[in-house]
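# A look at the structure
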Amino acid sequence: MTRWTLADVPDLSGRRALVTGVTSGLGEVTARELARAGAEVVLAARNPEKLEATTESIREAVPDALLVPLSLDLADLASVRRAAEEAAAKGPLDVLVNNAGVMATPQERTADGFELQFGTNHLGHFALTGLLLDALVASGDARVVTVSSQMSRSVRGVSLRDPRDTSMRYRRWGAYGQSKLANLLFTFELDRRVRPAGLPVTAVAAHPGYTVTNLVDAGLNRDGRALVGTIAVAVTHVVGQSVEQGALPQIRAAVEPGLPGGSYVGPGRPFELNGPPELVRPPKPAQDTALAAGLWSLSEKATGVSFP
């Protein structure tokens, strides 16, 4: 079987894509390569200085890139609503890449009182997707890609308790694993909902394997340099694959023609740690339709966004 590479990205001229979390790592590479293929790319991020730097960096690599910066803080539903309204006003949206995320952070709350990792990684993207659904449908053939993680395999389920509940014991890696499993449950439930509704939207997921990004450093060392964080960053740089390689699964998920809804793309080598992007099997809890339906209901109530 021929390995999928960036040479397989089709011409995206005339198409519009929105990528969240573009100021480093997987998001920046994904946005750059979509722009290189001719797409107009809406660059969504919360830090204006970093967003400007990313825009300039992509323009240096792709001088004719069509880029639109967009302020978006997924940890603040008011920001999500403003950003979605601004993005939708630009016209139909062909591709949405729900890439942004936080990992293994100390216990914190979003602007709306949600646990930070679940609120950012899942609820923020859930709301954004729902608010952009009309723009996606208007394209006539839209793709929604949500980026998960192998850490989704580290948990058995997702809590359906009120995400504002502060009484539960907090375990940073457990919370991260649940947020990444939620990404998969959301993707597969979205696919199950749009198909019978006859909506021209394909929902797929991807994961980068073990990739060198700034998530470990930003999470474990959020409150200052810690020994465990220093060790984890060092190990990641020794063992992990490059961010360019790690971004391939989500790029393939975003652009491959005819990719079936509900597909999951990840590295193809043993344990899915690295290697060329291939279709992979999701963890068993991600295929729990009752859990997915419960999470969807919880997410609608928490965000105030109902769809499709």
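Going by the structure above, here's the rest.
These notes cover the structure that comes with them. (Residues numbered from 1 in each chain as written. Predicted model: local features only at pLDDT ≥ 70, side-chain atom pairs only at ≥ 80, totals over all residues. Heavy atoms only, no water.)

## Digging into the pairing of strand β1 (residues 16-20)
Most of β1 sits out of view: five of its five residues are buried. Burial along β1 is two-sided: the residues Arg16, Leu18 and Thr20 and Ala17 and Val19 are all buried. In the sheet, β1 pairs with strand β2 (residues 40-45) via five bridges, with the strands oriented parallel. Directly across from valine 19, in β2, lies its bridge partner leucine 43. After leaving β1, the chain enters helix α1 (residues 25-36) and then returns to the sheet as β2, a path that is right-handed. Here three bridges tie β1 to strand β4 (residues 95-98), and the two strands are oriented parallel to one another. Paired with valine 19 across the two strands is valine 97, which belongs to β4. (Buried < 20%, exposed > 50% of the residue type's maximum accessible area, 1.4 Å probe, protein only. Helix = DSSP H or I, 4+ residues; strand = E, 2+ residues; numbered from the N terminus. Pairing = 2+ DSSP bridges. Right-handed = clockwise from strand over helix to strand, strands pointing away.)

## Overview of the pattern of salt bridges
The full count for this structure, using the stated rule, is 10 salt bridges. A salt bridge links glutamate 40 to arginine 16, with the nearest nitrogen and oxygen atoms 2.8 Å apart. One end of the pair, glutamate 40, is in strand β2; the other, arginine 16, is in strand β1, and 24 residues separate them in sequence. Members of the salt-bridge network, linked through shared partners, are Arg32, Glu33 and Arg36. (Salt bridge = Lys/Arg side-chain N within 4 Å of Asp/Glu carboxyl O.)

## Digging into the packing of aromatic side chains
Summed over the entire model, instances satisfying the criterion amount to six aromatic pairs. Centroid distance phenylalanine 186 to tryptophan 296: 5.7 Å. Interplanar angle 25°. Geometry classified as stacked. Of this pair, phenylalanine 186 sits in helix α6 (residues 172-194) while tryptophan 296 sits in helix α11 (residues 289-303); the two residues are 110 residues apart in sequence, bridging distant segments of the chain. In this structure, phenylalanine 186 and tryptophan 296 share a single accessibility class: buried. With 4.9 Å between their ring centres and 50° between their planes, tryptophan 296 and phenylalanine 307 make a pair best called tilted. Separated by 11 residues along the polypeptide, tryptophan 296 in helix α11 and phenylalanine 307 in the segment after α11 bring together distant segments of the chain. (Phe/Tyr/Trp six-rings, centres within 6.5 Å; stacked < 30°, edge-to-face > 60°.)

## Structural notes on the packing of α1 against helix α10 (residues 248-255)
At a minimum axis distance of 9 Å, the contact between α1 and α10 shows a crossing angle of 40°. As summarised for this structure, α1 and α10 are arranged oblique, according to the angle between their axes. Every pair of crossing elements has a handedness; the one defined by α1 and α10 is right-handed. Residues Leu26, Gly27, Val29, Thr30, Glu33 and Leu34 of α1 pack against Gln250, Ile251 and Val255 of α10. (Axes fitted to C-alpha atoms, helices over the stretch in contact; angles between N-to-C directions. Parallel < 35°, antiparallel > 145°, perpendicular 65-115°, else oblique. Left-handed = near helix turned anticlockwise from the far one by under 90°. Contact = heavy atoms within 4.5 Å.)

## A word on unusual backbone geometry
A cis amide bond links phenylalanine 307 with the next residue in sequence, proline 308, at an omega value of 5°. With respect to the helices and strands, proline 308 occurs in the segment after α11. Notably, phenylalanine 271 is not glycine yet its phi reads approximately 65°, a positive angle. Owing to a relative accessible area of 70%, phenylalanine 271 belongs among the exposed residues under this scheme.

## Quick look at α11
Taking 1.5 Å per residue as the helical rise, α11 with its 15 residues ought to reach 21 Å, and the 21 Å between its terminal C-alpha atoms agrees with that figure. Among all positions of α11, only Leu291, Ala292, Leu295, Trp296, Leu298, Ser299, Ala302 and Thr303 are buried. Elements that come into contact with the buried residues of α11 comprise α3 (77-88), α4 (116-131) and α6. For α11, the N-terminal cap is aspartate 288; the gap from its side-chain oxygen to the backbone nitrogen of alanine 290 is 3.1 Å. (Expected span 1.5 Å × (residues − 1). Polar contact = N/O pair within 3.5 Å; in protein donor to acceptor, adjacent residues only side chain to side chain.)

## Quick word on the packing of α3 against α4
One way to put it is that α3 packs onto α4 with a least axis distance of 9 Å and a crossing angle of 30°. One finds that α3 runs roughly parallel with respect to α4. Crossing of α3 over α4 shows right-handed handedness. Mapping the contact onto sequence places Leu77, Val80, Arg81 and Ala84 in α3 and Gly124, Ala127, Leu128 and Leu131 in α4. Tallied by class, residues from the contact of α3 with α4 come to six nonpolar, one polar and one charged. (Nonpolar A, V, L, I, M, F, W, Y, C, P; charged D, E, K, R; others polar.)

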